[in-house]
Amino acid sequence: VANGTKVNWSVSASGYTTRTGNWTISGGNKTENIALSVSGGGGIINYFNPNDPDINPEKYMNVEGVMVSGNGSLGWSGYIACSPGETYYAYYNKDGTYTKYPKSMVTFFNSSKQRISGINDIDYLVPEGAAYFRAPFSITRRYNDFMFLKSPDVPTEFIPYNAG
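Fair warning: this is a prediction, and the values are worked out from it, not measured in the lab.

## As for the side chain of Ser-77
Within the fold, Ser-77 resides in the loop between strand E5 (74–76) and strand E6 (80–81). Residue classification places Ser-77 among the buried residues on the basis of a relative accessible area of 0%. Setting aside residues up to four positions removed in sequence, Ser-77 forms contacts with Phe-48, Asp-54, Ile-55, Phe-133, Arg-134, Ala-135, Phe-137 and Phe-148.

What follows is the structure, given as structure tokens:
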């Protein structure tokens, strides 16, 4: 590549935000391998599957393990695979801006999908022995803007479900 040549680049991968830019070659004619690191906003996965067959649109489980009515506004997610020590965050679109979902009752299950514990919190820290969690969500937000992410950074746009 000749000195002064402008080289355009674009990087995209499933689950990542596409990044583009350009470099101007300087220091003579060169051929080099270039490593590119893409960061900031890429690689974030939404673990909430709005079409999960295990979704319960009418009830959810409280922290004591009792199923309660969602009164037509709350449902219960399907089983979301997780690992001990991970933290999940729920987000939704409130008046055009994404925000953390209010404190809610999250239930954790072992690998046999038997309940092991529950919490009532904003951030969902996965306890030892947990392999899945389920959490309440707004029925009206089910398809268009509800997300479970591992990122504490509030998203600026909707991230569709992606099994990873």
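From this point on, the discussion continues.
## Here's the deal with the nonpolar core
With 19 residues, the main nonpolar core has Tyr-88, Tyr-124, Phe-133, Phe-146 and Phe-148 as its most contacted residues. Breaking this core down by element, the ones donating at least two residues are strand E7 (87–94) and strand E9 (104–109). Ranked by residue count, the leading element in this core is E7, at 3 residues. Core analysis: the next-biggest nonpolar cluster, separate from the first, contains 6 residues, Tyr-89, Tyr-98, Met-147 and Ile-159 among them.

## Thoughts on the environment of Cys-82
Within the secondary structure, Cys-82 sits in the loop between E6 and E7. Look at Cys-82 and you get buried, because its relative accessible area is 9%. Sequence separation between Cys-82 and Ala-130 is 48 residues, and the spatial gap between their C-alpha atoms is 7.1 Å. Not counting chain neighbours up to four residues away, the residues in contact with Cys-82 comprise Tyr-88, Val-126, Ala-130, Ala-131, Tyr-132 and Phe-133.

## Some thoughts on the pairing of E7
Where burial is concerned, most of E7 is hidden: 6 out of the 8 residues are buried. Bridge count for E7 against strand E11 (residues 123–125) is 3 bridges, and the pairing is antiparallel. Residue pairing across strands places Tyr-89 opposite Asp-123, the latter belonging to E11. Pairing geometry for E7 and strand E14 (residues 147–149), over 3 bridges, is antiparallel. Bridge assignment links Tyr-89 to a residue of E14, and that residue is Leu-149. In this structure, E7 lies alongside strand E8 (residues 97–100), joined through 4 bridges in antiparallel fashion. Looking at E8, one finds that Lys-94 is bridged to Thr-97. With antiparallel pairing between neighbouring strands as the criterion, E7 and E8 make up a hairpin whose turn holds 2 residues, including Asp-95 at a positive phi of roughly 55 degrees.

The rules behind each value
Residues numbered from 1 in each chain as written. Predicted model: local features only at pLDDT ≥ 70, side-chain atom pairs only at ≥ 80, totals over all residues. Heavy atoms only, no water. Helix = DSSP H or I, 4+ residues; strand = E, 2+ residues; numbered from the N terminus. Buried < 20%, exposed > 50% of the residue type's maximum accessible area, 1.4 Å probe, protein only. Contact = heavy atoms within 4.5 Å. Core = buried A, V, L, I, M, F, W, Y, C linked by side-chain atoms within 4.5 Å. Pairing = 2+ DSSP bridges.

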